[in-house]
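# Residue-level structure breakdown
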Amino acid sequence: MKPIPPMTQDRLRELTDRFPSLRIAVIGDFFLDKYLDCDPRIAEKSVESGRTAHQVMRVRHSPGAAGTVVQNLAALDAGALHAVGFTGDDGEACDLRKDLHALGCSTDLLLTAPDRMTMQYLKPRNLTDATLAGEHERYDTKNRTATPAELEDRIIAAFDRALARADAVIVADQVEADDCGAVTARVRAALSERARAHPGVVFFADSRTHIGRFRGLIIKPNQFEVAGVAQPLPGMEVDADTLRAGLRRLRDEVGAPVIATRGEKGAIVTDPEPTVVPGVRVDGPTDTTGAGDSMTAGCVLALAAGASLPEAALVGCLVASITIQQLATTGTARRDELPDRLGLWLTQQQEAQP
């Protein structure tokens, strides 16, 4: 595998200076991330059931899933953001739209579907413990029936309107069940057609369970998805030969470049030959919630700014290394934080030289 070409501070500045002029459409599954911060020191016992009644001291919410990508794009100073997908007609939709508006993201193409629920991750947590150990059991709200054909038609039509004003398209396919979210088989087919018809637009897809079903879009699987490992064990890694073979196969199937993430080790990209992009080593506790979405935001903005695939993957790694250091929340990175993080990465690469 090839090493990544050198990245300088001047080159990073050249790319990031273009971020505020870029227009990004995010199509996919917009969730509401809602946190209930509970104080265990004043927990009560329910008179009716005898179970613990957790006492909520603060309620926080922010856009999740595709909305997490939007958060990161906004923090990196993307010029214009357009959300494409759907919500229900409920209180969660109101909160989600309000949060997206606060980020400067247009929701005129985020459809309202009264017969669908606004998807939500409800996260009760211990406010005295900022680590992942402080999170209670989560409550997920997802639509479990197929997305109606009429809504698929509306999503495709809304996307076509967004595409007319986009430099890049990010597909955030979060719903695991087939055809129950915004990115159904029909929508994926439409995206492939649009990608072929608009070669000047960056098309980039991330998916919980359908990453290999996209055609003609840059995809971002993790190393286990590339190797076909469904349930990786903690600490498990994919060896270089297996990863190389899986990348070649997946790139041939998708017909577009692949960025395979490797956690703290960074990424390997195919353009078409595999290139290793080392990650940034960070000290102290980390929270990987939303790390993949932050890497997506950094990658796509860099690609739309003219970066090569390895350069874009490195920018994504820089962004993710910042967000994982923010605990008990979905982290973001600012554009002005990237030069210092590149400096750390360059130092680490020099120290790794024999």
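Analysis parameters
- Residues numbered from 1 in each chain as written.
- Predicted model: local features only at pLDDT ≥ 70, side-chain atom pairs only at ≥ 80, totals over all residues.
- Heavy atoms only, no water.
- Helix = DSSP H or I, 4+ residues; strand = E, 2+ residues; numbered from the N terminus.
- Buried < 20%, exposed > 50% of the residue type's maximum accessible area, 1.4 Å probe, protein only.
- Lys, Arg positive; Asp, Glu negative; His and termini not counted.
- Salt bridge = Lys/Arg side-chain N within 4 Å of Asp/Glu carboxyl O.
- Contact = heavy atoms within 4.5 Å.
- Core = buried A, V, L, I, M, F, W, Y, C linked by side-chain atoms within 4.5 Å.
- Pairing = 2+ DSSP bridges.
- Axes fitted to C-alpha atoms, helices over the stretch in contact; angles between N-to-C directions.
- Right-handed = clockwise from strand over helix to strand, strands pointing away.
- Phe/Tyr/Trp six-rings, centres within 6.5 Å; stacked < 30°, edge-to-face > 60°.
- Lys NZ or Arg CZ within 6 Å of the ring centre and 35° of its normal.

A few words now on the side chain of D293. Structurally, D293 can be placed in helix α8 (residues 291-304). Here D293 is buried and forms no salt bridge, its nearest opposite-charge partner K220 lying at an N-O distance of 6.2 Å. Excluding anything up to four places from it in sequence, D293 contacts A65, T68, V69, N72 and D206.

Counting residues in each nonpolar core, the largest one holds 57 residues, and the members touching the most others are I24, V26, F30, L73 and I259. In terms of nonpolar packing, the next biggest core, distinct from the first, is built from 47 residues, M119, A182, V201 and L243 among them.

Glancing now at the sheet that holds strand β3 (residues 30-38). An order of β6-β3-β10-β11 is seen for the four strands of this open sheet, with the pairing classed as mixed. Looking along the sheet, the strands with just one partner apiece sit at the ends: β6 (56-65) and β11 (139-141). Here the strands of the sheet are splayed against their neighbours by 15 degrees on average, with no regard to which way each runs.

Attention shifts here to the environment of V59. The topology assignment puts V59 in strand β6. V59 sits in the partly exposed class, given a relative accessible area of 47%. Here the alpha-carbon distance between V59 and A158, two residues 99 residues apart in the chain, equals 32 Å. If we ignore the near neighbours within four places in the chain, the residues touching V59 are K34, Y35 and L36.

Another point: the pairing of strand β13 (residues 202-207). Among the six residues of β13, six are classified as buried, and the element is accordingly described as predominantly covered. Burial of β13 is two-sided: the residues V202, F204 and D206 facing one way and the residues F203, A205 and S207 facing the other way are all buried. Direction of pairing for strand β12 (residues 168-173) relative to β13: parallel, over a ladder of six bridges. For A172, the partnering residue across the bridge sits in β13 and is D206. The handedness of the β12 to β13 crossover, carried by helix α5 (residues 185-197), is right-handed. Alignment of β13 against strand β14 (residues 218-219), held across two bridges, turns out to be parallel. Within β14, the residue paired with A205 across the bridge is I219.

What follows deals with the packing of aromatic side chains. Applying the stated criterion across every chain, the model contains two aromatic pairs. Ring centres 4.5 Å apart and planes at 25 degrees place the aromatic pair F31 and Y121 in the stacked group. Of the two residues, F31 is situated in strand β3 and Y121 in strand β10 (residues 119-126); the sequence distance between them amounts to 90 residues. Ring geometry for F159 and F203: centres 6.3 Å apart, planes at 65 degrees, overall edge-to-face. Pair noted here: F159 is in helix α4 (residues 149-163) and F203 is in strand β13, with a separation of 44 residues, a long-range link. Each member of the pair, F159 as well as F203, is classed as buried. In this arrangement the basic side chain of R188 is found over the ring face of F214, its NZ or CZ atom lying 5.8 Å from the centre.

Residues A267 and V269 of strand β16 (residues 267-270) are buried on one face, and the alternating residues I268 and T270, pointing to the opposite face, are buried as well. Adjacent in sequence and paired antiparallel, strand β15 (residues 258-261) and β16 are bridged by five residues, among which G263 carries a positive phi angle near 65 degrees. Two successive antiparallel strands, β16 and strand β17 (residues 274-277), enclose a turn made up of three residues.

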